[in-house]
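Remarks on the overall topology
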Amino acid sequence: QVQLAESGGGLVQAGDSLRVSCVASGPTSPFGMAWFRQAPGKEREFVAAVNKFNGPTFYADSVKGRFAVTRDNAMNILYLQMDNLKPEDTAVYYCAASKGHITPSTTHVEYWGRGTQVTISS
């Protein structure tokens, strides 16, 4: 069992930056870790992922060039640095973890955090 706890959300203005974090705890270290988000009235969508040992990173097209996902494997912390934020980035951001790889086409993830709200004002 893996527990995930996100932090770092908040209210910022368009063009600002924000970093959210996710601490993974439990008896095993997850292999894949990722960020998803869900805006009001929309389905949850993939944002970014990085697998263990800092392998390739994956990003949704909508955030490429603005967001950066990194992972501290020693501390089991996942970060999402978000720059040049836009109002359409407003959503609840969820941390996800899996025993296997997570990619943009992953349809099943074993573990989810409770989410952290990110709100961008125009």
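Keep in mind the model is a prediction, meaning the values are calculated, not measured.

**Notes on the nonpolar core**
Of all hydrophobic cores here, the largest spans 35 residues; its most connected members are Leu4, Trp35, Leu80, Met82 and Tyr93. Mapped by element, the contributors of at least two residues to this core are strand S3 (18-25), strand S4 (32-38), strand S5 (45-51), strand S7 (67-72), strand S8 (77-82), strand S9 (91-98) and strand S11 (116-121). In this structure Tyr93 touches Glu6, Trp35, Phe36, Arg37, Val47, Phe67, Leu80, Met82, Gly115, Thr116 and Val118, once residues within four positions along its chain are discounted.

**With respect to the state of the cysteines**
Note on terminology: disulfide describes a covalent bond linking the sulfur atoms of two cysteines. As enumerated under the stated definition, the model contains one disulfide in all. The residue that forms a disulfide with Cys22 is Cys95, at a sulfur-sulfur distance of 2.1 Å. Negative torsions about the S-S bond denote left-handed disulfides, and the value of about -75° found for Cys22 with Cys95 makes this one left-handed. Linking Cys22 in strand S3 with Cys95 in strand S9, this pair joins segments that are 73 residues apart in sequence.

**Some thoughts on the packing of aromatic side chains**
One pass over the structure, following the stated rule, counts two aromatic pairs. Considering the side-chain rings of Phe36 and Phe46, the 5.6 Å spacing of their centres and the 85° angle between planes classify their relative orientation as edge-to-face. In this pair, Phe36 is assigned in strand S4 and Phe46 in strand S5, connecting sequence segments 10 residues apart. Of the two residues, Phe36 and Phe46, neither departs from the other in class, the shared state being buried. Ring geometry for Phe36 and Trp112: centres 5.0 Å apart, planes at 65°, overall edge-to-face. In this pair, Phe36 sits in strand S4 while Trp112 sits in strand S10 (residues 111-112), placing the two residues 76 residues apart along the sequence. Here the aromatic residues Phe36, Phe46 and Trp112 are joined through ring pairs into a cluster of three or more. Sitting over the face of the ring of Tyr94, Arg44 holds its NZ or CZ atom 4.8 Å from the ring centroid.

Each value, and the rule that gives it
- Residues numbered from 1 in each chain as written.
- Predicted model: local features only at pLDDT ≥ 70, side-chain atom pairs only at ≥ 80, totals over all residues.
- Heavy atoms only, no water.
- Core = buried A, V, L, I, M, F, W, Y, C linked by side-chain atoms within 4.5 Å.
- Buried < 20%, exposed > 50% of the residue type's maximum accessible area, 1.4 Å probe, protein only.
- Helix = DSSP H or I, 4+ residues; strand = E, 2+ residues; numbered from the N terminus.
- Contact = heavy atoms within 4.5 Å.
- Disulfide = S-S within 2.5 Å.
- Phe/Tyr/Trp six-rings, centres within 6.5 Å; stacked < 30°, edge-to-face > 60°.
- Lys NZ or Arg CZ within 6 Å of the ring centre and 35° of its normal.

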